[in-house]
Amino acid sequence: MANKIVVADQIVKEFKPNLFMGEPIRIIDGVSFQLDKEESLAIIGPNGSGKTTLLKILATIYLPDSGTALIDGYDIIKDTKEVRDRISLVSPALDFQKKLTLKETLKFFADIQDSKIDQAFDFLEYMGLMPMLDLRLETFSEGQKAMTRLAIGLMKKPDILLLDEVFATIDFRRREHLVKYLEDYAKGITLIVVDHTSEVVDRLCSKMLLMKRGGSTLKIGSVEEIFEKSPYKYDIIAVPKKYMPEDITTGFGYPYMRLGGRVRFFVKSKEEADDLIERMFEWDKFLSFEVSGLSMDDVFWLSMLESAEEEQFKKFCTVCSAFIPKDMGWCLQCGSFIE
Amino acid sequence: MGYFKTLNACTMRYFRIDWRYKFSIVTDAIWTMVTVVAFGTLGYAAGQGNTDFIKYEGNSAFIWILVTGIFYWTFFSRPFEESVLAVPEEAARGTLGFLVTNQVSPATMLTGRLISSVFKFTIIAATVVYPVMYVLDLKIPPEYLLEIFLILLISMFFMLALVFIVSALTLVVKKIGVVINIFLHSARILSGFYFPLSNGKDSEFGTAAIWIEKYLPLARGLVMIRDIVIPEDKGGGISHTAVWEGLQWMLIGTVIALVFAFFFISRITDLSRKWGTLEFY
């Protein structure tokens, strides 16, 4: 336990729709996990699975109804001061006084965090935002506001940095830049990240917590472990020239799911990928196809199959009775084609 | 027909919304009651030609009583409103939770907001209201400057206690605008803003009126300010000794109110973290 920077134990959180009446709704249902120092965690799950609420509990904004968590040995319920000294939460909900300049805003947050504004300047310099120091925040784009939030969070130099979907409004070029910065920055600290972006989770996190709707844990483990446990290693996204009929799609002989007009196939090895690509060339009605390793979304999606609680996974395999996504034509359990 | 259908849908929607905020319906009723008491009493007094109720000790003009009250309340009315609205504003901006995680309690934030607001309105009172008082022959004698400063300072801390209490409510109950007005209006009535409380000493509420005027810091403060600025031959006049004695009572009342209010807001902050209402607005 000595090396653990975060120990969450059976955290439960419920909110009542009305303070004085109505049944409480369970948002987090007995979530537990542990993190060693310098380990980083990605929290992944669908909307309504309690990811942000969990971050806010760790950040001492909300009190859990039962269970607790230790941050660097300090209890989030009893030792809030010590916990708050060690954490920093960067949330997309944080907005600013639009009439203040970037510098004035940073100065205010530096004062309340008892940190130095210079520590934010390093980050702003790196992200190219220094020329905007004297501009009012009302002129900032959403991406620039996201950078400002991060600058504020990093300025505190916390032991644990809690990031809630901070990459969502940042453009692709800056995202890469930012991930690189955080890779270096995170070496001495612990990150807990709510994000679905594969490159963010793959590169910044060593552990994953998959949450289900209703706030319970679907799976927890190291990113490598969860990837390794998945029998599928690659996905091939094909864009057909026109709608690909079911008999053609199933005829390729690999599990697939439809994504609008596109079809995503899952294969277990490079050999299977080569085989599928060759047969798609033979069919010759594709505009393009793209091969990639399984992403975090894929792993989450495949993991959801095991839970079988989501509305979208209501279809059953007629051979082995396993749950299957309704838009998938192949049973991942026994390999049978499903009409 | 389409228009009426839309109109009906909108009306029903707002009706349902209003009905869901039952606490707001109660506060609307209380606000109406407070307004009736304040202006009803004034109207009754004026209608009956009963100037006894609205005159000051001696024979000063009613406008002097009102203008002095306006001067006193300029320091606190808008600062109170601005401070109490700070919590919902910060919640809407998403900064409330962030401030809390950085050791900034709602009490600290509100104190900062009130000080900043009082400073702004001190300038406004000095430049807008005081010249009117001067024209009406209501002057602050230089030898009472320190006492006036202390009266306003202690009154500000008493208002801070009220700010804590109302803001604590905003952490758990939403749509609180009317509650702000109820507190403000009630505080004005009890301070003797509309009519001096001592004028009701012969009424059935006489004992309560005298007690409030003596021990409620806002009432004591306003009475002392009036006695200082209204000329002695017009019903004003107060000795330094009496002012210092009054300041002691104001201080005691304010400390009691602040201690209660601080514990109240601290407890409600914890509850709002438990109930998850801290960041709602």
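The structure under discussion appears in the preceding block.
Residues numbered from 1 in each chain as written. Chains lettered and ligands numbered in written order. Predicted model: local features only at pLDDT ≥ 70, side-chain atom pairs only at ≥ 80, totals over all residues. Heavy atoms only, no water.

Peer 1: Summarise helix α1 (residues 51-58) of chain A; cite the residues concerned and give the values.
Peer 2: Of all eight residues in α1 of chain A, seven are buried, a share of seventy percent or more. In the stretch just after α1 of chain A, threonine 60 of chain A is the one whose phi turns positive, near 65°. (Buried < 20%, exposed > 50% of the residue type's maximum accessible area, 1.4 Å probe, protein only. Helix = DSSP H or I, 4+ residues; strand = E, 2+ residues; numbered from the N terminus.)

Peer 1: Before we move on, could you go through the packing of helix α8 (residues 106-135) of chain B against helix α13 (residues 240-275) of chain B and cite the residues and values that matter?
Peer 2: Helix packing for two helices is described by the angle between their axes and how far apart those axes are. All names here are of chain B. For the pair α8 and α13, interaxial distance at closest approach is 10 Å and the crossing angle is 130°. On the basis of the axis angle, α8 is oblique to α13. Facing Pro106, Ala107 and Leu110 of α8, the residues of α13 in contact are Phe262, Ile265 and Thr269. Tallied by class, residues from the contact of α8 with α13 come to five nonpolar, one polar and no charged. (Axes fitted to C-alpha atoms, helices over the stretch in contact; angles between N-to-C directions. Parallel < 35°, antiparallel > 145°, perpendicular 65-115°, else oblique. Contact = heavy atoms within 4.5 Å. Nonpolar A, V, L, I, M, F, W, Y, C, P; charged D, E, K, R; others polar.)

Peer 1: Provide a residue-level description of the layout of surface pockets, including the pertinent values.
Peer 2: Over the atoms rolls a probe the size of a water molecule, and in doing so it shows where empty space is left. Within this model, the second largest pocket holds a volume of roughly 470 Å³. In terms of lining residues, the second largest pocket is bounded by 22 residues, among which Gln97 and Phe108 of chain A together with Glu90, Leu99 and Met109 of chain B are the most central. Looking at the lining of the second largest pocket, the elements with two or more residues in it are α3 (102-113) of chain A together with α6 (86-93), α7 (95-101) and α8 of chain B. Residues that form the lining of the second largest pocket fall into these classes: 10 nonpolar, six polar and six charged. (1 Å grid on protein atoms, 1.4 Å probe; cavity = no way out; pocket = protein on both sides within 12 Å on 5 of 7 lines; lining within 4 Å. Points joined across faces, edges and corners; volume = space filled by probe spheres on them.)

Peer 1: Give me the lowdown on the sheet that holds strand β4 (residues 66-71) of chain A, citing residues and values where you can.
Peer 2: All names here are of chain A. The sheet built from four strands is open, its strands ordered β2-β1-β4-β5 with antiparallel pairing. Single-partner strands in this sheet number two, and they are β2 (25-36) and β5 (74-75). As paired elements, strand β1 (residues 4-15) and β2 share nine bridges and run antiparallel to each other. Bridge pairing in β2 places valine 7 opposite glutamine 34. On top of the sheet, α1 reaches β1, β2 and β4; it is set at about 60° to β2, its chief contact. (Pairing = 2+ DSSP bridges.)

Peer 1: Describe the sheet that holds strand β13 (residues 262-267) of chain A, and please don't skip the residues or the numbers.
Peer 2: Residue and element names in this part refer to chain A. A sheet is described by the order of its strands in space; here four strands give the open sequence β12-β13-β11-β14, paired in antiparallel fashion. Each edge of the open sheet is held by one strand with a lone partner, namely β12 (256-259) and β14 (286-293). For this sheet, the mean angle separating the axes of adjacent strands, direction not counted, is 20°. For strand β11 (residues 234-240) and β13, the ladder comprises five bridges, and the chain directions are antiparallel. Counted as the bridge partner of alanine 238 is valine 263 from β13. Relative to the sheet, helix α10 (residues 270-283) contacts β11, β13 and β14, its axis offset from that of β11 by approximately 10°.

Peer 1: Give me the interface of chain B and chain A: which residues, what numbers.
Peer 2: Interface size, as often reported, equals the accessible area lost upon joining of the parts. Tallying the contact residues gives 21 residues for chain B and 28 residues for chain A. Contact between chain B and chain A buries roughly 2,200 Å² in total, counting both sides, with carbon and sulfur atoms accounting for 56%. When the area that chain B buries against chain A is broken down by residue, the three leading residues are Arg93, Phe98 and Arg273 of chain B, summing to 32%. Inspection of the chain B/chain A interface yields one salt bridge. A salt bridge links lysine 274 of chain B to aspartate 65 of chain A; the nearest nitrogen and oxygen atoms lie 3.5 Å apart. Seen at the junction of chain B and chain A, the total is 10 residue pairs in polar contact (both at pLDDT 80 or more). Counting residues per element, the ones that place at least two in the side of chain B that touches chain A are α7 and α13 of chain B. (Buried area = accessible area lost by both parts, 1.4 Å probe. Salt bridge = Lys/Arg side-chain N within 4 Å of Asp/Glu carboxyl O. Polar contact = N/O pair within 3.5 Å; in protein donor to acceptor, adjacent residues only side chain to side chain.)

Scope: geometric values only; no functional claims are made or implied.
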